[in-house]
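Here is what each chain is made of, one letter per residue.
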Amino acid sequence: WLFRVVAAVVILVLLLVLGALLFPMLLMLLVSLAILAVLLSIPLSIVARHQRGLRVVGYLEQATRLNLPLPAMLDAAAEGERAGLAKRLRDLCAALAQGASLAPALQASAPEVPRRTVSLIGFGERIGRLPQMLAGIMRQEKSNLETRMRRGDSPFWMYGLMTPFSLLLMLNGVIIGIVPIFE
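On a predicted model such as this, the values are computed, not experimentally measured, just so you know.

So what about the overall build of the protein chain? Which residues, and what values?
The secondary structure content of the protein chain amounts to eight helices and zero strands. Listing the helices and strands of the protein chain from first to last along the sequence gives α-α-α-α-α-α-α-α. Residues classed as buried in the protein chain amount to 33% of the 183 residues present. Sequence separation of at least 24 residues holds for 55% of the intrachain contacts in the protein chain that already meet a minimum separation of 6. With the model as given, the accessible surface of the protein chain reaches about 11600 Å², and the carbon-plus-sulfur share is 67%.

Describe the nonpolar core, listing the residues and the values that go with them.
Core analysis: the largest hydrophobic core is formed by 29 residues, its most contacted members being L92 and L106. Those elements giving two or more residues to this core turn out to be α2 (24-65), α3 (70-79), α4 (83-97), α5 (102-109), α6 (115-126) and α7 (130-151). At seven residues, α4 tops the list of elements feeding residues into this core. If we ignore the near neighbours within four places in the chain, the residues touching L92 are V56, L60, L74, L102, A105, L106 and S109.

An account of the pattern of salt bridges is requested, with residue identities and associated values reported.
Pairing between side chains becomes possible if they bear opposite charge and their charged atoms approach one another. Counted according to the given criterion, the structure contains six salt bridges. Across the salt bridge formed by R55 and E81, the nearest N and O atoms sit 2.4 Å from each other. With R55 in helix α2 and E81 in the loop between α3 and α4, this pair connects stretches of sequence that are 26 residues apart. For R55, a relative accessible area of 43% puts it in the partly exposed group. The partner of E79 in a salt bridge is R90, and the shortest N-O contact between them spans 3.3 Å. With a gap of 11 residues between them, E79 in helix α3 and R90 in helix α4 connect regions that are remote in the sequence. Taking relative accessible area as the criterion, R90 reaches 36% and is therefore assigned partly exposed.

Reading the values: the criteria
Residues numbered from 1 in each chain as written. Predicted model: local features only at pLDDT ≥ 70, side-chain atom pairs only at ≥ 80, totals over all residues. Heavy atoms only, no water. Helix = DSSP H or I, 4+ residues; strand = E, 2+ residues; numbered from the N terminus. Buried < 20%, exposed > 50% of the residue type's maximum accessible area, 1.4 Å probe, protein only. Contact = heavy atoms within 4.5 Å. Areas by Shrake-Rupley, 256 points an atom, 1.4 Å probe, with all protein chains shown as cover. Core = buried A, V, L, I, M, F, W, Y, C linked by side-chain atoms within 4.5 Å. Salt bridge = Lys/Arg side-chain N within 4 Å of Asp/Glu carboxyl O.

Have a look at this one:
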């Protein structure tokens, strides 16, 4: 994601210089909006990926807590999810139905789940304490999320930064493109 930020900044600077020389208003607005979209998508894509992995583990924890068969629970959960996560849940369900162990099947079908979590799940499965391990993982994730929200460590600070920036760009566009018409 750091490469995306650096590339976006370099492109922004180059196009702003080019835009100032050729078509100040139109080019600058379009480029600035494109850069704004790229910058906002970076932290949100990281959060979305983490949440998808957490949802998969959450379904596993729910199935073990309720003492339900994992393939049936994952198949039912896939029915209520969007296409990307539903496909991962169905792949995991198919791997488990074929007799695969949970940790390797989870790693292959849901790459969003962190390696540490997959290792802990594999360890819990080997020692026969999978429900307790899954409950502990979910408890820890919930605690981590609460801590991040209390510290203000979420990626949504970007909205506060980008909103005044986009308003200034729009005002700039009005001043450059519309005000001269009325003079």
